[in-house]
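# Summary of structural features
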Amino acid sequence: MSALIYKQRFFHPNHPKTAVSNYVHIGYIATRPGAVRHENLSHGLFGKLKPGELQVFQSWQEVARIARQISKDGKNMYRSVISFRTETALELGLTDFADWQQYIEQHIATLATHNRIKTENLCWAAAFHNEKDHPHLHVVFWDKGQTIMKNFTHPEVPNRIRKQLIKDTFAYKIKEFCASRDRFKSGITEVTDRMVEEFEAYLKQLNPKTFRAFQERFKNEDEDSLLRFPKHHLAEPAAVKRLAHRLFELRSQMPKTGRLAYKLLPPEVKIVVDELVQDLLQENRYLAQMVEDYVEAKLQLAKLYTSDPENLEKQRRKYQNEAEKRIANRILSTIRTIIKLEKEADFGIRQAHRQYTMAEQLLLGLLDLMESLSMHAGLDYDDKAKVLSGDLSKQAKKEWLLRNKDRGMER
């Protein structure tokens, strides 16, 4: 059994990218692969925005919007992670989603207390990632009553939180450890920092290699956003090989002259490209989800301008086609690269390796593209919805709608 990991950080509210970064981070923890999701929902975010019962948020965006706004208001949003090794989690009885929800609800006060946040002002949201060898919770939290912006948290703060979590989580194990070392201490009633340090040192010596690997797991990984999340495990080798083969088949059907752009392709070649796009969406669930998220975000934006069901359905088809056309053009960009590489003397010798690498890069690039588009569409909706719900007169809102209609409906 290894002790737990606790990490905590925040981005300075004054930084121009902090508000958007915090918004995206919440999307990341709520939806990324490995996140355990609520039944019938596309995310796994839960928490409390006020004292009371634990909330299952209907959408992660409702929390992300608040986080974005409090960042703009100069309040700090803390990002933290709590992790155990799988064996440890099982020993602690953390076997399912409900167990992890109960765990953080019991211990969130420790995070708040050491960051000097009053219970009545504490807002938090969390997501459980059931990763192999290191199941963990991502927790974001902030002080809704904060009036003074913070630009620094002493490293001792997360260190004290880690020690307190260990004391509370492993109290019985620490007491057993102390009793086994000194029978006269078998009646101890309080676990001290010194006991925690001795307990962790003991755990390290049991399996130094495993302990070190667990500690290193979160040392350098920057899990700040969907856009930075390493996606190599989302591109299965067999699927990449199939895509590589299809790309080189497609290359042989390209026109000999002219610019390679989707709108300029001959109809018969467009059909082949469209088939490849549909196959990609069928094979890669995460890419399909990103496209769906993009379409829904754009549709929410369209609803600011019209409530006509027929018009909205027309817009939905348009946004779906737009996303698929972007994927098609990214495929053609890869084909252009293949054509350039064919001119290299050693291309034939290294062709198999190049094929696989380019196919993998294409898949990962498509994921980044659609994530970025869906996230920015959501942010665009938030900004426009805020204007429309503000203090403008009806006439001013009408004029604003007319000025921004093309950007909202057509972009």
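Check the entry above for the structure.
Residues numbered from 1 in each chain as written. Predicted model: local features only at pLDDT ≥ 70, side-chain atom pairs only at ≥ 80, totals over all residues. Heavy atoms only, no water.

## A closer look at the overall build of the chain
The criterion, for reference: Numbering of helices and strands runs from the N terminus, with a helix taken as a DSSP run of H or I at least four residues long and a strand as a DSSP run of E at least two residues long. The contact criterion used is simple: two residues touch if any of their non-hydrogen atoms lie within 4.5 Å. Using a 1.4 Å probe, the Shrake-Rupley method yields the accessible areas, and only the shown protein chains count as cover for residues.
Helix and strand counts for the chain stand at 13 helices and six strands. Partitioning the intrachain contacts of the chain with sequence separation of at least 6 by distance along the chain shows that 76% fall at a separation of at least 24. Surface exposure of the chain reaches about 21,700 Å², of which carbon and sulfur atoms provide 49%.

## A short note on the nonpolar core
The following threshold applies: Grouping buried Ala, Val, Leu, Ile, Met, Phe, Trp, Tyr and Cys residues that are joined through side-chain atoms within 4.5 Å yields what is termed a nonpolar core. Accessibility here uses a 1.4 Å probe with only protein chains present; expressed as a share of the type maximum, an area under 20% marks a residue as buried, one over 50% as exposed, and anything in between as partly exposed.
Core analysis: the biggest nonpolar cluster contains 48 residues, and Leu247, Val273, Leu280, Ile327, Ile331 and Met370 have the highest contact counts within it. In terms of residue count, the dominant contributor to this core is helix H12 (residues 351-388) (11 residues).

## Concerning the packing of aromatic side chains
The cut-off we apply is this: Between the rings of Phe, Tyr and Trp (Trp by its six-membered ring), a pair exists once the centres lie within 6.5 Å; its type follows the angle of the planes, with under 30 degrees stacked, over 60 edge-to-face, and the other angles tilted.
One pass over the full model with this rule turns up 11 aromatic pairs. Consider the rings of tyrosine 23 and tryptophan 60, whose centres lie 5.6 Å apart with planes at 70°: the pair is edge-to-face. Of the two residues, tyrosine 23 is situated in helix H1 (residues 18-31) and tryptophan 60 in helix H2 (residues 60-72); the sequence distance between them amounts to 37 residues. Residues tyrosine 23 and tryptophan 60 agree in their burial class; the two are buried.

## Quick word on the sheet that holds strand E6 (residues 136-143)
We apply this condition: Whether two strands pair comes down to DSSP finding at least two bridges between them. A fitted line through C-alpha atoms represents every axis, and for helices the fit uses only the stretch in contact; the resulting angles, taken between N-to-C directions, go from 0 to 180 degrees.
Taken together, six strands build an open sheet; the order of strands is E1-E4-E6-E5-E2-E3 and the sheet is antiparallel. Only two strands of the sheet have a single neighbouring strand rather than two, namely strand E1 (5-10) and strand E3 (55-56). Bridge count between E1 and strand E4 (residues 77-83): six bridges; the pairing is antiparallel. In the sheet register, arginine 9 faces E4, and the bridge partner there is arginine 79. In this fold H2 packs onto E4, strand E5 (122-129) and E6, with an angle of close to 45° to the strand it touches most, E6. This element, helix H4 (residues 97-114), spans E1, strand E2 (46-48), E4, E5 and E6 of the sheet and lies at about 40° to E6.

## Topic: the pattern of salt bridges
Heads up, the rule is: For this analysis, a salt bridge means a side-chain nitrogen from Lys or Arg found within 4 Å of a carboxyl oxygen belonging to Asp or Glu.
What the rule picks out here adds up to 16 salt bridges. The shortest N-O distance in the salt bridge between arginine 65 and aspartate 382 comes to 2.5 Å. Of this pair, arginine 65 sits in helix H2 while aspartate 382 sits in helix H12, and the two are 317 residues apart along the sequence. Residue class for arginine 65 comes out partly exposed when judged on its relative accessible area of 33%. Overall, the relative accessible area of 9% leaves aspartate 382 in the buried class. Ionic pairing is found between glutamate 313 and arginine 317, a salt bridge with its closest N-O pair at 3.9 Å. With glutamate 313 and arginine 317 both in helix H11 (residues 309-341), this residue pair falls four residues apart, about one helical turn.

## Regarding a positive patch on the surface
To be explicit about the condition: For patch building, the residue pool is restricted to those with more than 30% relative accessible area and no salt bridge; the joining distance is 9 Å between like charges and 5 Å between nonpolar side chains (Val, Leu, Ile, Met, Phe, Trp, Tyr). Charge assignment: positive for Lys and Arg, negative for Asp and Glu; neither His nor the chain ends contribute. Note on charges: their place is set at NZ of Lys, CZ of Arg, CG of Asp or CD of Glu.
Residues Arg259, Lys263, Lys325, Arg336, Lys340 and Lys343 make up a contiguous surface patch of positive charge. For lysine 263, the position within the fold is in the loop between helix H8 (237-251) and helix H9 (267-283). In this structure lysine 263 comes out as exposed when scored by relative accessible area, which is 64%.

## Considerations on the pairing of E5
Most of E5 is tucked away: eight of the eight residues are buried. Across the two faces of E5 the burial is the same, with Leu122, Trp124, Ala126 and Phe128 and Cys123, Ala125, Ala127 and His129 all buried. Pairing geometry for E2 and E5, over three bridges, is antiparallel. Among the inter-strand pairings, glycine 47 is bridged to a residue of E5, identified as alanine 125. In terms of strand pairing, E5 meets E6 through eight bridges, oriented antiparallel. If you follow histidine 129 over to E6, its bridge partner there is histidine 136. As consecutive antiparallel partners, E5 and E6 are separated by six residues, and within that stretch aspartate 133 has a phi angle of approximately 75°, a positive value.

## Concerning the packing of H8 against H12
Spelled out, the test is: To sort the angles, those under 35 degrees are grouped as roughly parallel, those over 145 as roughly antiparallel, those from 65 to 115 as roughly perpendicular, and the leftovers as oblique. As a working rule, the residues Ala, Val, Leu, Ile, Met, Phe, Trp, Tyr, Cys and Pro are called nonpolar, Asp, Glu, Lys and Arg charged, and the rest polar, with Gly in that last group.
Packing of H8 against H12 brings their axes to within 8 Å, and their N-to-C directions diverge by 105°. One finds that H8 runs roughly perpendicular with respect to H12. Contact with H8, carried on its side by Pro237, Val240, Lys241, Leu243, Ala244, Leu247 and Phe248, involves Gln351, Gln355, Tyr356, Ala359, Glu360, Leu362 and Leu363 of H12 and no other residues of that element. Within the contact of H8 with H12, the residues separate by chemical class into 10 nonpolar, two polar and two charged.

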